[in-house]
Amino acid sequence: MTARRAAEGETVLARAEDTSQASIAIARTLARSLDSLNFNTPSHVYNPSHYAWSGQQQYLQRYGNGTGRVLLLGMNPGPWGMAQTGVPFGEVSSVRNWLGIEAALGHPLPPQHPKYPIDGFACQRSEGSGRRFWGWAASRFGTPEAFFQRFFVWNYCPLLFIGNARNLVPEQLTRPEREPLLAACDTALAALVAAIAPTAIVGIGRFAEARAGVAASGRLPVLYLHHPSPANPAANRNWDAMADATLGHWIS
């Protein structure tokens, strides 16, 4: 190997390592910036980027390397997914058995709604969105390494909101609550896009698609994919085929 090729290889490796560290720094900065926000609509707010940071950090370290991939953008944690594991669409069995990540919860835990306890990897509930999403990835790519060579997955907002004993989405917050939240998450997403230089962004759900459009600013293609939640009637009509159709260019 020539000295020039060796140097180029070292540069590529350093860049890959930098993207992983950059995603970690962005996630930490975002988590801290959201601590200062006030919410009245939800009775409970969980920030797994704090108490489930160990799992999230493992995810970013292991799969955050690389530029030029497609960014798959989710919305915010589900109560039985990322809220337990710290991983986007983080259904426990998928994270443990396919992504190969498992971690203990950190402390202190936030005040919890009795209907939505935080049990971490001991959680016995299965999140349908994550089971469907990572199940599709496993069936199409076989290994996480093959999947993450082409894609990276990030949740726009790391907070879980619970109000009236139900999981709330950011759109259900009042405008005074929502605007500073979006400002902080938009800033983090723009920083992530700058760091990982994706070739396209796919918004999983209309909310994520809209925020992806803000981050892309016309410089990147933005695509839409139905959210895989079982609560979404469209997703129950063969979501795997929808994912194949949207992402087919990067699968074949």
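Check the entry above for the structure.
For every chain, the first residue of its written sequence is number 1, and the numbers climb from 1 along that sequence. pLDDT decides what is reported in this predicted model: residues at 70 or higher carry local features, side-chain atom pairs at 80 or more are listed and counted, and totals for whole chains, interfaces and linings draw on all residues regardless. Calculated side-chain values reflect all of the structure's heavy atoms, with hydrogen atoms and water omitted.

**Considering the overall build of the chain**
Runs of E in the DSSP output that reach at least two residues are strands. Runs of H or I that reach at least four are helices, and both are numbered from the N terminus. Counting its secondary structure elements, the chain contains 10 helices and seven strands. Within these notes, the globule rule equals 2.2 Å times the number of residues to the 0.38 power, and the radius of gyration is based on C-alpha atoms. Taken over the C-alpha trace, the chain has a radius of gyration of 18 Å; the compact-globule value for 252 residues is 18 Å, and the two agree within 12%. With the C-alpha coordinates aligned to their principal axes, the bounding extent of the chain is approximately 65 × 40 × 40 Å. Three exposure classes are used, based on accessible area relative to the maximum for each residue type with a 1.4 Å probe and protein chains only: buried under 20%, partly exposed in between, and exposed over 50%. Across the 252 residues that make up the chain, the buried fraction comes to 52%. The Shrake-Rupley method, run with a 1.4 Å probe sphere, supplies the accessible areas, and residue values consider only the shown protein chains as cover. Approximately 11,200 Å² of the chain is accessible, and the part contributed by carbon and sulfur atoms is 52%. Counting rule for charge: Lys and Arg are taken as positive, Asp and Glu as negative, and neither His nor the chain ends is counted. A charged residue contributes its charge at one atom only: NZ of Lys, CZ of Arg, CG of Asp or CD of Glu. Where the 21 positive side-chain charges of the chain centre and where its 17 negative ones centre are 4 Å apart.

**Quick word on the packing of helix α8 (residues 175–196) against helix α9 (residues 206–216)**
Every angle, taken between N-to-C directions, lies between 0 and 180 degrees, and every axis is a line fitted to C-alpha atoms, over only the stretch in contact when it is a helix. Contact geometry of α8 with α9 gives a least axis separation of 9 Å together with a crossing angle of 60 degrees. If you check the angle between α8 and α9, you find them oblique. Handedness of the crossing formed by α8 with α9: right-handed. The segment α8 lies against α9, with Leu182, Asp186, Leu189 and Val193 engaging Phe207, Arg211, Ala212, Val214 and Ala215. In this classification, the charged set is Asp, Glu, Lys and Arg, the nonpolar set is Ala, Val, Leu, Ile, Met, Phe, Trp, Tyr, Cys and Pro, and all remaining amino acids, among them Gly, are polar. For the contact of α8 with α9, the class distribution of residues is seven nonpolar, no polar and two charged. What sets the label is the angle itself: under 35 degrees gives roughly parallel, over 145 gives roughly antiparallel, 65 to 115 gives roughly perpendicular, and the rest give oblique. By convention the crossing between two helices is left-handed if the near helix lies anticlockwise of the far one by an angle smaller than a right angle, and right-handed if it lies clockwise. Only heavy atoms enter the contact rule, under which two residues are in contact if any of them lie within 4.5 Å.

**Examining the packing of aromatic side chains**
Under the pairing criterion, centres of Phe, Tyr and Trp rings, with the six-membered ring standing for Trp, must be within 6.5 Å; the plane angle then separates stacked pairs below 30 degrees from edge-to-face pairs above 60, leaving the rest tilted. A complete count under the given rule lists 23 aromatic pairs for this structure. Arranged with centres 4.8 Å apart and planes meeting at 90 degrees, the rings of Phe133 and Trp134 form a pair that is edge-to-face. Relative accessible area serves as the criterion here: at 1%, Phe133 is assigned to the buried category. Look at Trp134 and you get buried, because its relative accessible area is 1%. Both rings, one in Phe141 and one in Phe151, keep their centres 5.8 Å apart while their planes meet at 80 degrees; by these two values the pair is edge-to-face. With Phe141 in helix α6 (residues 128–141) and Phe151 in strand β3 (residues 151–155), this pair connects stretches of sequence that are 10 residues apart. Given a relative accessible area of 0%, Phe151 falls into the buried group. Lying across the ring of Trp53, Arg28 places its NZ or CZ 4.5 Å from the centre. Only lysine NZ and arginine CZ atoms are considered, and such an atom sits over a ring when it is within 6 Å of the ring centre and within 35 degrees of the ring normal.

**A word on the sheet that holds strand β5 (residues 166–168)**
Two strands are counted as paired when DSSP detects at least two bridges linking them. The strand order across the open sheet formed by three strands is β1-β4-β5, and the pairing between neighbours is antiparallel. Only two strands of the sheet have a single neighbouring strand rather than two, namely β1 (44–46) and β5. Strand-to-strand, the axes of this sheet are offset by a mean angle of 30 degrees, without reference to chain direction. Here strand β4 (residues 160–163) pairs with β5 via three bridges, running antiparallel.

**Observations concerning the packing of α6 against helix α10 (residues 239–251)**
A pair of packed helices is characterised by two quantities: the angle between their axes and the separation of those axes. Packing of α6 against α10 leaves a shortest axis separation of 11 Å and a crossing angle of 50 degrees. It follows that α6 is oblique to α10 by the angle criterion. As for the relative orientation of α6 and α10, their crossing is right-handed in sense. For the pair α6 and α10, the contacting residues are Arg132, Phe133, Trp136, Ser139, Arg140 and Phe141 in the first and Trp239, Asp240, Ala243, Asp244, Leu247 and Ile251 in the second. Tallied by class, residues from the contact of α6 with α10 come to seven nonpolar, one polar and four charged.

**Some words on the layout of surface pockets**
Of the grid points, spaced at 1 Å and generated over the protein atoms alone, those admitting a 1.4 Å probe that cannot get out make up cavities, while open sets with protein on both sides within 12 Å along at least five of seven lines make up pockets; any residue with an atom within 4 Å of a point is treated as lining. Grid points are joined across faces, edges and corners, and a volume is the space filled by probe spheres set on the points. When its volume is computed, the largest pocket comes out at roughly 580 Å³. Met75, Ser129, Asn167, His227 and Ser229 are, among the 29 residues lining the largest pocket, the residues nearest its centre. Among the elements of the structure, α6 and α9 are those that each provide at least two residues to the lining of the largest pocket. For the lining of the largest pocket, the residue count by class is 12 nonpolar, 15 polar and two charged. Space inside the second largest pocket adds up to approximately 220 Å³. Looking at the second largest pocket, it is lined by 13 residues, and the ones nearest its centre are Asp35, Val45, Tyr46, Asn47 and His50. Of all the elements in the fold, those that place two or more residues in the lining of the second largest pocket are β1 and α2 (48–51). Along the lines of polarity and charge, the residues of the lining of the second largest pocket split into 10 nonpolar, two polar and one charged.

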